[in-house]
Amino acid sequence: MLLHDAFKTATRSLMHGKMRSILTMLGIVIGIASVIVLMSIGQSAQNLILNQVQGIGSNLVFVIPGGSPNGRFSSPAAAQGIVITSLNQRDADAFSREASVQAVVPEVRGQGAAVYKGNDVTVSFEGTTANYFTVRNMMPASGYPFTKSDVDSFNHVAVIGPALAKTLFGENISPLNKTIRVKNLSFRVTGVLPAKGTGAFGIDQDNLVIVPLSVAQNEMLGIPYFTDIIVEANPAYDTNFVKSRITFILRHNHGVTDPNKDDFTIQTQEDVLSLLGNITSILTLFLAAIASISLIVGGIGIMNIMLVSVTERTREIGLRKAVGATERDILEQFLIESVLLTFIGGLIGIALGALIVGVVYVVLSSFFSFGWVFAFPPSAVALALLVSTLSGLAFGVYPARQAARKNPIDSLRYE
Amino acid sequence: MIEVRDLKKEYLEEETSTRALRGVSFSIKKGEFVSIMGPSGSGKSTLLNILSFLDRPTGGSYTFLGKSIDERDDRELARVRNEDMGFVFQAFNLLSRLTVYDNVEIPLLYSKIPAAERRARVEKAVRDVGLEEKLHTETGRLSGGQKQRIAIARALVTDPNIIFADEPTGNLDSQSGEQVLEILAALHQRGRTIILVTHETNTAEFANRIIRMKDGLIESDTPIVRSPRANGHSIK
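## Some words on the overall build of chain B
- When helices and strands are tallied, chain B shows seven helices and ten strands.
- Against the compact-globule benchmark of 18 Å for 236 residues, chain B has a radius of gyration of 18 Å, which places it among compact chains.
- Each of the three principal axes of chain B carries a C-alpha extent, and together these read 50 × 45 × 35 Å.
- For chain B, with 236 residues in total, the buried portion stands at 47%.
- Counting only contacts in chain B whose residues sit at least 6 apart along the sequence, the fraction spanning at least 24 positions is 71%.

## Some words on the environment of A:A382
- Position of A:A382 relative to the elements: it lies in helix α12 (residues 378–404).
- A:A382 sits 213 residues away from A:F169 along the chain, and the two C-alpha atoms are 51 Å apart.

## Focus on the sheet that holds strand β2 (residues 16–28) of chain B
Residue and element names in this part refer to chain B.
- Strand order in this open sheet of four strands is β2-β1-β4-β5, and the pairing throughout is antiparallel. Of all the strands in the sheet, the pair left with one neighbour each is β2 and β5 (67–68).
- Sheet topology note: the strand β1 (residues 2–13)/β2 ladder contains ten bridges and is antiparallel. Of the residues in β2, the one forming a bridge with I2 is I28.

## Remarks on the interface of chain A and chain B
- Contact residues are listed per partner, giving 17 residues for chain A and 19 residues for chain B.
- Every element with two or more residues in the side of chain A that touches chain B is listed here: α1 (3–16), α10 (314–322) and α13 (408–413) of chain A.
- With five residues, α10(A) is the single largest residue contributor to the side of chain A that touches chain B.
- Among the residues forming the side of chain A that touches chain B, the class breakdown is nine nonpolar, three polar and five charged.

## So, the packing of α1(A) against helix α11 (residues 327–367) of chain A
Residues and elements named next belong to chain A.
- Where α1 meets α11, the closest approach of the two axes is 9 Å, and the angle between their N-to-C directions is 60 degrees. By the criterion of interaxial angle, the relationship of α1 to α11 is oblique. Pair α1 / α11 crosses with right-handed handedness. Between α1 and α11, the residues in contact are A6, F7, T9, A10, T11, S13 and L14 and E332, Q333, I336, E337, L340 and L341, respectively.
- Taken together, the residues that form the contact of α1 with α11 break down as seven nonpolar, four polar and two charged.

## Here we look at the confidence of the model for chain A
- Within chain A, residue pLDDT values average 87, and 94% of them lie at 70 or more.
- No element of chain A has a lower mean pLDDT than α1(A), at 83, and none a higher one than strand β5 (residues 157–160) of chain A, at 96.

## With respect to the nonpolar core
- Ranked by internal contacts, the top residues of the largest apolar core, which has 113 residues, are B:L184 and B:I195.
- Sort the elements by how many residues they give to this core and helix α2 (residues 18–55) of chain A lands first, with twelve residues.
- When residues no more than four places from it in sequence are discounted, the contact partners of B:L184 are B:A165, B:I194, B:L196 and B:F206.
- Counting 54 residues, the second-largest nonpolar core is a separate cluster that includes A:V135, A:F169, A:F226 and A:I229.

## Thoughts on unusual backbone geometry
All names here are of chain B.
- Even without a glycine there, the phi angle at D6 is positive, about 50 degrees.
- For D6, the location among the structural elements is in strand β1.
- The phi torsion at L65 lies on the positive side, around 50 degrees, for a residue other than glycine.
- Along the polypeptide, L65 turns up in the loop between β4 (59–64) and β5.

## As for the sheet that holds strand β8 (residues 193–198) of chain B
Residue and element names in this part refer to chain B.
- Taken in spatial order, the six strands of this open sheet run β6-β7-β8-β3-β9-β10, and their pairing is mixed. Each of the sheet's edge strands pairs with one partner strand only, and the pair in question is β6 (85–88) and β10 (217–223). Strand-to-strand, the axes of this sheet are offset by a mean angle of 15 degrees, without reference to chain direction.

## Concerning the pairing of β5(A)
Residues and elements named next belong to chain A.
- In β5, alternate side chains face the same way, and those of V157 and V159 on one face and A158 and I160 on the other are all buried.
- Across four bridges, the pairing between β5 and strand β7 (residues 185–192) is parallel. The residue bridging A158 from the neighbouring strand is V189, located in β7.
- Relative to strand β8 (residues 208–212), β5 runs antiparallel, the two being bridged by two bridges. The residue bridging V159 from the neighbouring strand is I210, located in β8.

## Quick look at the pairing of β8(B)
Residues and elements named next belong to chain B.
- The element β8 is extensively covered by neighbouring structure, given that six of its six residues are classed as buried.
- Here β8 shows no split at all, with T193, I195 and V197 on one side and I194, L196 and T198 on the other all buried.
- By the bridge criterion, five bridges tie strand β7 (residues 162–166) to β8 in an arrangement that is parallel. Bridging from a neighbouring strand, I163 pairs with I194 of β8.
- Between the parallel elements β7 and β8, the chain passes through helix α6 (residues 174–189) in a crossover that is right-handed.

Reading the values: the criteria
Residue numbering note: each chain is counted from 1, following its sequence as written. Working convention: letters from A go to chains and numbers from 1 go to ligands, in the order in which they are written. Residue-level local features of this predicted model are given only where pLDDT is at least 70; pairs of side-chain atoms are given and counted only at 80 or more, and the full residue set underlies all totals for whole chains, interfaces and linings. Here a helix means four or more residues in a row that DSSP labels H or I, a strand means two or more in a row labelled E, and each is numbered from the N terminus. Between the two quantities, the radius of gyration covers C-alpha atoms and the globule rule is 2.2 Å times the number of residues to the power 0.38. A residue is called partly exposed when the number of other C-beta atoms within 10 Å of its own lies between 12 and 20, exposed at 12 or fewer, and buried at 20 or more, with C-beta atoms placed from the backbone. This entry defines residue contacts through backbone-placed C-beta atoms, with two residues in contact when those atoms are within 7 Å. One bridge is not enough; two strands pair if DSSP finds at least two bridges between them. Each residue is assigned to one of three groups, with Ala, Val, Leu, Ile, Met, Phe, Trp, Tyr, Cys and Pro labelled nonpolar, Asp, Glu, Lys and Arg labelled charged, and all others, Gly among them, labelled polar. In this analysis an axis means a line fitted to C-alpha atoms, helices contributing only their contacting stretch, and an angle means the value between N-to-C directions, from 0 to 180 degrees. Each angle receives one of four descriptions, namely roughly parallel if under 35 degrees, roughly antiparallel if over 145, roughly perpendicular if within 65 to 115, and oblique otherwise. Each helix crossing is assigned a hand: it is left-handed if the near helix lies turned anticlockwise from the far helix by less than a right angle, otherwise right-handed if that turn is clockwise. Each residue carries a pLDDT score, the predictor's own confidence in it, on a scale running from 0 to 100. Remark: nonpolar core denotes a set of buried Ala, Val, Leu, Ile, Met, Phe, Trp, Tyr and Cys residues whose joining runs through C-beta atoms within 7 Å. We call a crossover right-handed when, viewed with the strands running away from us, the connection from the first strand over the helix to the second turns clockwise.

Have a look at this one:
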């Protein structure tokens, strides 16, 4: 039989039992839609996370106190809440002297109450240097950042996040040049940051207070060390080279001779991106694998209905064989029917998946302040079509073989 | 056209065996109209199944158009059934959800004939049995007689050398049955070889030779005296 005629014959058979065909497809439709939705949402989440990491600046190298004895995939001690005091001004000054380093931004962090008139809220604050705003891509949306002279002079100035500005001052009052109290110290607000949402490291940047490093270290926290140091690499140098230079400096400064006993961890932005990319990819694949269970269930449904169909059409099979159909012709006819069912089911599933992904996008964009990006990866569509077609083949083979092997004499007599 | 020598067919079921054909020999020349008669269990249907390549014998030889069935593989049997044989069944075996056109076209789908030629052949075959006005009617809506005429059109559409008709009037009233037999007789007059299996003497007498079977053997093989009413059958 010509392929075109085989498709025509299969289409007619499926159209004859429209409701049955639709119900049979349903399992595949739901399975494919689930895979599409989970892969798309996974991709969107990955984009969101990676964008946030990229959004904190470029060519950055993060220096965190405390070693990571098990390699880059284990969290450094500092990230586990252990206070380590090894990073200090001497290290920062040594980095600044390096030709491959463009900027050095030491940071300290703490928490305290921020108060303006009767409004009182607990916030995270960061003490840092003036170049923080350019290096971290965090220039105020209104007002201006504090300066090096503010840091050197222990000036009580602050740049605050937009959500905090709203909480303390309300919608209509500009916080600029107003005085707030943080940890019982007065600060004049010089700028308000742009809205960024929760950052890649779990810090809510919209509720942040940024103050001069000198004030935070000496007056708010009373510490001589840094929570971390961000180093911006000179664009003429590879970040991995910068990483090796910083490693060398820190080992020298801290007297570390055994590389396994480093008391610091250095991660480039690429390390973080790659790590987060791997985690989100694995998560997406894991979710898609769970969703594919419904595809298997759908496939079994197809096989079941095709077996019923083969039994119901025994006389038809007998007739077709009597008038010249070979086993291969019959096999092809039933395989095409099952593949058509799953292929069309796949197309409907993709459309349904796209609709759900669109709704999720609208809901997340409207009701949450996520920078959610609509992602509908072509790879998910291709995979969905491939998987649906293959499931039609896989689950259609057994019924089709049953049909093809029927004896024409018995089939013609079948009641 | 057909040479059968000492043909045997034995069915094995579990530990018992049934000898449906116990050594049958005869020849059929091109253009003959042969009735195979016999009571239930005489082996006539088994013989028809083997002659029409739907089954293989367990002993003896069967040569069709000069080539033994033993020399042909299953694909070739299917091709011969498609190109050289036409089938008319007692139960019509039409696909009721399809139109007359689609039913008659089925054998041509397996012969890889282009669509335009298929259309011309289907229309001619349906015209030959006088049902051209029903071409696009679903066969489920036709009367029994009309269904069998469409089944004959389906048998004719590949222009076969031989037509096998298995109790073609068994499900029809006498008038419709006679119409069907007249069509077969007319086809014979135009040179077509026809083998008709029946248990009814009246039906068998439309042929020009009757092979009577009993207990898997040929009881008699005789030419029949032509009944006057069988003369002058016509086909459009």
